[in-house]
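What follows is each chain in one-letter form.
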Amino acid sequence: MGLYFMSFILFAVGLYGVLVKKDLVKIIIGLTIMGYGVNLFLILIGYRREGLYPILEKGRAAAAMVDPLPQAMVLTAIVVELAVLALLVSLAVRLYEKYRTHDITKIRRLKG
Amino acid sequence: MEREEGMTLIVKTITRFTVWLILLYGFYLIMHGHLTPGGGFAGGLVIGLSFIHLTLAYGRDFVRRRVKVELMHALEATGSLVFLLLGLVGLVTSGVFFLNFLGHGEPFTLFSAGYIPLLNLVIGLKVGAGLYLAFYYLADYRPGEGK
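To keep things clear, this report deals only with the structure shown in the data block. (Residues numbered from 1 in each chain as written. Chains lettered and ligands numbered in written order. Predicted model: local features only at pLDDT ≥ 70, side-chain atom pairs only at ≥ 80, totals over all residues. Heavy atoms only, no water.)

A count of helices and strands for chain A gives three helices and zero strands. Secondary structure elements of chain A occur, N-terminal to C-terminal, as α-α-α. Its C-alpha radius of gyration of 19 Å places chain A more than 25% over the 13 Å reference for a compact globule of 112 residues. Oriented by its inertia axes, the alpha-carbon framework of chain A measures out at about 65 × 30 × 15 Å. Put simply, chain A has 112 residues, and 22% of those count as buried. Counting contacts in chain A only where the partners sit at least 6 residues apart, residues at least 24 apart contribute 49% of the total. A total accessible area of about 8,100 Å² is found for chain A, and carbon and sulfur atoms account for 71% of it. If the 14 positive side-chain charges of chain A are averaged to one point and the 7 negative ones to another, these points end up 12 Å apart. (Helix = DSSP H or I, 4+ residues; strand = E, 2+ residues; numbered from the N terminus. Rg over C-alpha atoms; globule rule 2.2 N^0.38 Å. Buried < 20%, exposed > 50% of the residue type's maximum accessible area, 1.4 Å probe, protein only. Contact = heavy atoms within 4.5 Å. Areas by Shrake-Rupley, 256 points an atom, 1.4 Å probe, with all protein chains shown as cover. Lys, Arg positive; Asp, Glu negative; His and termini not counted. Charge placed at Lys NZ, Arg CZ, Asp CG, Glu CD.)

Take the side chain of T55(B) next. Mapped onto the elements of the fold, T55(B) is located in helix 2 (residues 40-58). Ignoring sequence-local partners within four residues, the contact set of T55(B) consists of R60(B), V63(B), Y132(B) and F135(B).

A few words on the nonpolar core. Residues and elements named next belong to chain B. Counting 19 residues, the largest nonpolar core has F51, L54, V63, M72 and Y132 as the members making the most contacts within it. Residue assignment for this core shows that the elements contributing at least two residues are helix 1 (9-31), helix 2, helix 3 (60-66), helix 4 (69-94) and helix 5 (116-140). The biggest single contributor to this core is helix 2, with six residues. Setting aside anything within four residues of it in sequence, one finds F51 in contact with V63, V67, M72 and Y132. (Core = buried A, V, L, I, M, F, W, Y, C linked by side-chain atoms within 4.5 Å.)

Residues three or four positions apart in an α-helix share a direction because the helix packs 3.6 residues into each turn. Residues and elements named next belong to chain B. When the terminal C-alpha atoms of helix 4 are compared, their 38 Å separation across 26 residues agrees well with the 38 Å that a helix rising 1.5 Å per residue should span. Looking only at helix 4, the buried set comprises V69, M72, G79, L86, G87 and G90. After helix 4 finishes, the residue G95 shows a positive phi value of roughly 85 degrees. (Expected span 1.5 Å × (residues − 1).)

Following this line, the structure appears as structure tokens:
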């Protein structure tokens, strides 16, 4: 139970970064930390006590493994997070070219 | 004083020794993807990171002169195209999309598991080339400059 709670704390740290920080790069880092918290939580759901890694090897029974389904899903989620991160960073680069700053309180012109 | 491109001599020397090991480790992860943790995505990331490592240590033009961006685009497109073709082969031969049409072989050996190593290989190609391209365009691309 404590481990679940720690993944929530990790998510809250990322949410704090997104809501409070004013620098675009710090906001993007906060978003990725939120993603890590969610991934960790999903992996922990698939944990089984005394379970080993879910890979077949010679002379090992299939019963003593942790659940491999959340791990496959989290692998997909990591790929999607990488794509989202690339998109966010490219938007930040374009904003920096236009405004010469990463401070979101100074990026407020609607046009021009 | 004109600045030399890239980082200092120390970083360049260490990079010359380690970048081949990183590339080799990426290929190892891809080839053993059906036996051990790793596989196409993780191995492709390591391969892409070796190119990014070279770019960071030696400067942009060093890699750009040796590895053309068009080649990377072609590799990335080839990866997804071959993945689709491997799925279509199963559809044509037996009517099931993504059927494992090769023999399974003996389990726990390097050449086994049918076409899964091939799928890992093309995924590794696509991820490695795609990651390097994302880095390249984020670091280098300026709008209104050439193509």
